[in-house]
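Observations on the three-dimensional arrangement
Each chain, written out:
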Amino acid sequence: VDDEETKSLLDEVASWLGLGDAKGGDGADDGGEATEEEEEGKDEGRGPGRPVRVPLDPELVSSLPVLPLSSVSEPSGDLRGRTLVTHDGIVYDITEFLEHHPGGRDLVMTAAGCDLGHFFDNYTVHGQSDKAAGWLASMAV
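Everything in this summary refers to the structure shown in the same document. Predicted, not measured: the structure shown is a model, and the values here were computed from it. In this numbering scheme, every chain counts its residues from 1 along its sequence in written order. Note on the predicted model: pLDDT of at least 70 is required for a residue's local features to be given, and 80 or more for side-chain atom pairs to be given and counted; whole-chain, interface and lining totals, by contrast, use all residues. The side-chain numbers reported here are obtained from all heavy atoms of the structure, hydrogens and water having been left aside.

Details of the pairing of strand 1 (residues 84–87)
Residues L84 and T86 point to one face of strand 1 and V85 and H87 to the other, with burial holding for every one of them. Two strands make a pair as long as DSSP finds a minimum of two bridges between them. Where helices and strands are cited, they refer to DSSP runs of H or I of at least four residues and of E of at least two residues respectively, numbered from the N terminus. Both strand 1 and strand 2 (residues 90–93) contribute to a ladder of 4 bridges, which runs antiparallel. By the bridge assignment for strand 2, L84 is matched with D93. Accessibility here uses a 1.4 Å probe with only protein chains present; expressed as a share of the type maximum, an area under 20% marks a residue as buried, one over 50% as exposed, and anything in between as partly exposed.

A short note on the pattern of salt bridges
A pair is scored as a salt bridge if a Lys or Arg side-chain nitrogen falls within 4 Å of a carboxyl oxygen belonging to Asp or Glu. As enumerated under the stated definition, the model contains 5 salt bridges in all. Here R82 ties to D93 by a salt bridge, and the two come within 2.8 Å at their closest N and O atoms. Of this pair, R82 sits in the loop between helix 4 (69–73) and strand 1 while D93 sits in strand 2, and the two are 11 residues apart along the sequence. Relative accessible area serves as the criterion here: at 27%, R82 is assigned to the partly exposed category.

Re the nonpolar core
Only buried Ala, Val, Leu, Ile, Met, Phe, Trp, Tyr and Cys residues count toward a nonpolar core, and they belong to the same one when joined by side-chain atoms within 4.5 Å. Ranked by internal contacts, the top residues of the largest apolar core, which has 19 residues, are Y92, I94, L116 and L136. Among the secondary structure elements, those contributing two or more residues to this core are strand 2, helix 6 (117–122) and helix 7 (131–137).

Observations concerning the pairing of strand 2
The side-chain alternation of strand 2 yields two buried faces, one formed by I90 and Y92 and the other by V91 and D93. Hairpin geometry of strand 1 and strand 2 is characterised by an intervening segment of 2 residues between the two adjacent antiparallel strands and by a positive phi of about 50° at D88.

Here you go:
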């Protein structure tokens, strides 16, 4: 890209998506090998593609009811009208979060009634920090 402002914007978007820079690179040096810092980050599980692990208290997990998948895709009873998703076998009520999702309500609604693993794998930005996991922790039902 010849225009520096456009390149900067593309780099920022590519980084946010976990795709490296706008030149098509992955952040490694010109030799194609990862830097020492990047290698250390891999060992510690940081960076794009890192699994989203929700920090839940084991006692909380054991107290949660078992819900059939049909209740996630079509909530009924006390959960009627709620927006539910699953991740790592836990059901989350994300209804109150819909208007606060950084990508917008419409984007997060594509996950309604589904397991989030596929979305986290495709939108690697979720693994670049603990924000997604932290937000989900309070939504377990």
